[in-house]
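# Structure at a glance
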Amino acid sequence: MASVSLREIYKKYAGGVIAVSDFNIEIKDKEFIILVGPSGCGKSTTLRMIAGLEEISEGELYIGDRLVNDIAPKDRDIAMVFQNYALYPHMTVFENMAFGLKLRKVPKDEIARKVEEAARILDIAHLLDRKPKALSGGQRQRVALGRAIVREPQVFLLDEPLSNLDAKLRAQMRTEISKLHKKLGTTFIYVTHDQTEAMTMGDRIVVMKDGYIQQIDTPTNLYQSPVNQFVAGFIGSPQMNFIDAKLLKDGDKYVVEFGSEDTKTTRGVKYQVVVPDSKIDDPEALEQLVDQEVVLGVRPECIHDEPAFLSQATTGVINTTVEVTEMMGAETYLYLTCEGINLTARVSPRSDVRPQDEIQVAIDPNRIHIFDKETEKTVLN
């Protein structure tokens, strides 16, 4: 097993295109790290540099104590699982899983033992004689994982391995891969654009945008304490509500105000959320933004329509119109408008509101976020 260290890694292509910039991370032995971000953010390129499939333009890559920048992929002691499985169609499951070991001249009895052990772990022992065309997507994915397991690598690299599966199977395979990580006790580096996969599987998550790392943290810290507006919006489903607002000072209290002026199309109501003293870690940062425009961030589950919450709310109560309701089973999503601002609320499935209803909701002031409108950096979590 091994740690992985990326130090000031850059990937530059001809024509001045920079795909990855100043990538720094120390991945501990046996850690499950997830690289997440929108398409084109550089996460797969980073993974391919670790694998040796892309050349590193600048920086140093260590696997364990060994500098591997100039070491061939086959000698890096890593195994990669691809999005499209990359199975040989003319070979059986057993032959696919054994192929890499045969190339290394591993004895036949040891190959059989390793393949059968991996097949047992992945629950595909009954499929060893079949060819890929006779397998479902989930079974092919397990074979691809099995082919990596038998090599007993120091590091597993997984490039969007679940993106070709249907939603139910994807959820099942998320659990299987998490179990597999614990069972094998190996370092996993996993790329996905799906933030649900990232939040449910990773020990730590690397959020990327435009080739740069935005934040590296645990799933809980990313959700509760995003460092900027991009991370706040990318992590969480439905995504955080962002409201253009103004930060005011009322005595010794900070107040976030939003709404509209009088126009022909709206009632011209201003709403306020008083910032609780207990949330303020850095009064100076807030003080610098008084009387300036900011962005108020509120997660959908922090907008409440329950009478019990509304009756006790002393700030942040707003009037809204229900545009759409989505019954999700265990919860209901309400898509609301307030003074021309679109909001999403995640409420109890017992909620009986309907489209075009006018309802009051309350923003939980203890769960708000405030972002600097210019820099998009977080001022308050």
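That block above? That's the structure.
So, a few notes on the structure that sits alongside this text.

Calculation criteria
Residues numbered from 1 in each chain as written. Predicted model: local features only at pLDDT ≥ 70, side-chain atom pairs only at ≥ 80, totals over all residues. Heavy atoms only, no water. Helix = DSSP H or I, 4+ residues; strand = E, 2+ residues; numbered from the N terminus. Buried < 20%, exposed > 50% of the residue type's maximum accessible area, 1.4 Å probe, protein only. Contact = heavy atoms within 4.5 Å. 1 Å grid on protein atoms, 1.4 Å probe; cavity = no way out; pocket = protein on both sides within 12 Å on 5 of 7 lines; lining within 4 Å. Points joined across faces, edges and corners; volume = space filled by probe spheres on them. Nonpolar A, V, L, I, M, F, W, Y, C, P; charged D, E, K, R; others polar. Pairing = 2+ DSSP bridges. Axes fitted to C-alpha atoms, helices over the stretch in contact; angles between N-to-C directions. Parallel < 35°, antiparallel > 145°, perpendicular 65-115°, else oblique. Left-handed = near helix turned anticlockwise from the far one by under 90°.

Now for the side chain of T332. Checked against the element boundaries, T332 lands in strand β17 (residues 332–338). T332 sits in the buried class, given a relative accessible area of 6%. Residue contacts for T332: discarding those within four places in its chain leaves E326, M327, A345, R346, V347, S348 and P349.

The volume enclosed by the largest pocket comes to roughly 460 Å³. Around the largest pocket, the lining comprises 19 residues; the ones closest to its centre are A79, M80, F82, R147 and R151. Elements with a contribution of two residues or more to the lining of the largest pocket: β6 (78–81), α2 (93–103) and α4 (137–149). It is α2 that contributes the most residues to the lining of the largest pocket, five residues altogether. Broken down by class, the residue content of the lining of the largest pocket amounts to 15 nonpolar, one polar and three charged. The volume enclosed by the second largest pocket comes to roughly 200 Å³. Around the second largest pocket, the lining is made up of 13 residues, and of these I121, I149, V150, E152 and L184 lie nearest the centre. With five residues, helix α3 (residues 108–122) is the largest single contributor of residues to the lining of the second largest pocket. In terms of residue class, the lining of the second largest pocket is made up of eight nonpolar, one polar and four charged.

We now examine the sheet that holds strand β15 (residues 303–304). Consider a sheet: its strands pair through backbone hydrogen bonds, and that pairing is either parallel or antiparallel. Reading across the sheet, the five strands line up as β15-β19-β16-β17-β18 and stay open at both edges, with antiparallel pairing between neighbours. Edge positions in the sheet fall to β15 and β18 (341–347), since each has one partner strand and no second. Looking at chain direction, strand β16 (residues 317–327) and β17 are connected through six bridges and run antiparallel. Along β17, the bridge assignment pairs T325 with L334.

Our next topic: empty space enclosed by the protein. If you walk through the whole model with that rule in mind, you get one cavity of 30 Å³ or more. Here the largest cavity defines a volume of roughly 30 Å³. As for the largest cavity, its lining consists of L6, F23, I25, I27, I33, L35, T46, I50, I189 and V206. Counting only elements with at least two residues in the lining of the largest cavity, the list comes to β2 (18–27), β3 (32–36) and α1 (43–51). Of the residues forming the lining of the largest cavity, the biggest block, three residues, is contributed by β2. Residues belonging to the lining of the largest cavity are distributed by class as follows: nine nonpolar, one polar and no charged.

This part covers the sheet that holds β6. The mixed open sheet is built from six strands, whose spatial order is β6-β7-β8-β3-β9-β10. This sheet does not close on itself; its edge strands, each paired only once, are β6 and β10 (212–217). Taken over all neighbouring pairs, the strand axes of this sheet differ in orientation by 15 degrees on average, direction set aside. Relative to β10, strand β9 (residues 204–209) runs antiparallel, the two sharing five bridges. Its bridge partner lying in β10, K209 is registered against Y212. Running over the sheet, α4 touches β6 and β7 (155–159) and is turned about 175 degrees from β6.

Let us now look at the packing of α2 against α4. Packing of α2 against α4 brings their axes to within 7 Å, and their N-to-C directions diverge by 30 degrees. Relative to α4, the element α2 is oriented roughly parallel. By crossing handedness, the relation of α2 to α4 is classed as right-handed. Residues V93, N96 and M97 of α2 touch α4, and the partners they reach there are V143, G146 and R147. Classifying every residue of the contact of α2 with α4 by side-chain character gives three nonpolar, two polar and one charged.

All right, on to the pairing of strand β20 (residues 369–372) then. Side-chain alternation along β20 places H369 and F371 on one buried face and I370 and D372 on a second face that is also buried. Both strand β14 (residues 293–298) and β20 contribute to a ladder of four bridges, which runs antiparallel. Directly across from L296, in β20, lies its bridge partner I370. As judged from the two bridges shared by β20 and strand β21 (residues 378–380), these two strands associate in the antiparallel manner. Each residue of the ladder has a partner; that of I370, found in β21, is L380. What sits between β20 and β21 in their antiparallel hairpin is a turn of five residues, with E376 showing a positive phi close to 65 degrees.

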